[in-house]
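Structural features, examined
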Amino acid sequence: MEVSDLFFEKNKAFTLAEVLVTLGIVGVIAAMTIPMLITNYQKRLTLTRLKKTYSQLNQVIKLIDEEQGLAVLSGSATNSVQKYILPHYNGATYYPPNNYKKSMCFNPNHYYLSAKGNDAQYNTLSTRTKGYCNGYISTPFGDMPSIELPDGTCIGFNRLIGGSYYTESTIFVDVNGSANPPNCLGKDMFWFYLDQDTASIQPTKQVGGFNQEKYGAYKIIKDGWRFAPDYPW
């Protein structure tokens, strides 16, 4: 090998400065793209589970209406869920009202990251600060029965027909379970009600100060089962 060949081989390698600059550029690109990829994945997973749960709930209500009539759901939610709803869900786990804990599908073996203490509490998206969840929702989550599906989705049932604490919002869906954050209305939690006229489950539009025309299942479904650009995720 000639001297000129040795010189060429020696100078093919990158210098330390070049390597550091390259790593820095890669790091900046990763810092910009990875959070976006994670967010997009979370959105896709949320939509998939929400759409599946919504479809299953409607199928169950249709079956109950055809077999017994919706009037059988006019009693207590505990009786309705155990006797008429739970049998339609293979592999689902039933959770009775836990009275003082503020979560559905409450499991004392779980540590609730979004909780004050060891009981999960739910908050809501802020339409003023996009993607930020704040406050605590005062609802009867602990005072109603719930079921956990094999994929981890948790469904809580308030009084299905008749008077209820929330006049319309009687079915609560947490797509990743109460033991997993953010436990936030509009991100992993969504509200529905039973429409007796159509024998179907419908997304709640407005309950108290929670306007789901701006976030929540109502907006998602209205926008064609997607998170529109103006959704405050």
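Structure shown above.
Residues numbered from 1 in each chain as written. Predicted model: local features only at pLDDT ≥ 70, side-chain atom pairs only at ≥ 80, totals over all residues. Heavy atoms only, no water.

Attention shifts here to the nonpolar core. Of all hydrophobic cores here, the largest spans 53 residues; its most connected members are L73, Y89, I147, I155, F157, W191 and F192. Broken down by secondary-structure element, the contributors of at least two residues to this core are α2 (16-67), α3 (77-85), β1 (93-95), β5 (154-157), β6 (171-174), β7 (184-185), β8 (189-195) and α4 (217-222). The element contributing the most residues to this core is α2, with seven residues. (Core = buried A, V, L, I, M, F, W, Y, C linked by side-chain atoms within 4.5 Å. Buried < 20%, exposed > 50% of the residue type's maximum accessible area, 1.4 Å probe, protein only. Helix = DSSP H or I, 4+ residues; strand = E, 2+ residues; numbered from the N terminus.)

Empty space within the largest pocket amounts to approximately 210 Å³. Lining the largest pocket are Y41, Q42, L45, T46, R49, V175, N176, P181, P182, K187, D188 and W233. A per-class count over the lining of the largest pocket returns six nonpolar, three polar and three charged. For the second largest pocket, the calculated volume is near 180 Å³. If you go around the second largest pocket, you meet 14 residues; those closest to its centre are K102, I137, S138, T139 and F141. Within the lining of the second largest pocket, the residues separate by chemical class into six nonpolar, five polar and three charged. (1 Å grid on protein atoms, 1.4 Å probe; cavity = no way out; pocket = protein on both sides within 12 Å on 5 of 7 lines; lining within 4 Å. Points joined across faces, edges and corners; volume = space filled by probe spheres on them. Nonpolar A, V, L, I, M, F, W, Y, C, P; charged D, E, K, R; others polar.)

The next point concerns the pattern of salt bridges. A full pass over the atoms with the stated rule returns three salt bridges. Taking the shortest distance from any N to any O, the salt bridge between E213 and K205 comes out at 3.9 Å. For K205, a relative accessible area of 38% translates into the label partly exposed. Within this structure, K219, D223 and D230 form a network of salt bridges that share partners. (Salt bridge = Lys/Arg side-chain N within 4 Å of Asp/Glu carboxyl O.)

Turning our attention to the packing of aromatic side chains. Applying the stated criterion across every chain yields a total of eight aromatic pairs. Plain terms: the ring middles of Y54 and W225 are 5.6 Å apart, the flat faces sit at 55° to each other, and that makes the pair tilted. Residue Y54 is located in helix α2, and its partner W225 is located in the segment after α4; the two are separated by 171 residues in the primary sequence. The class for Y54 is buried, based on a relative accessible area of 16%. Each member of the aromatic cluster is reached from another via a ring pair, and the members are Y122, F141, F172, W191 and F210. (Phe/Tyr/Trp six-rings, centres within 6.5 Å; stacked < 30°, edge-to-face > 60°.)

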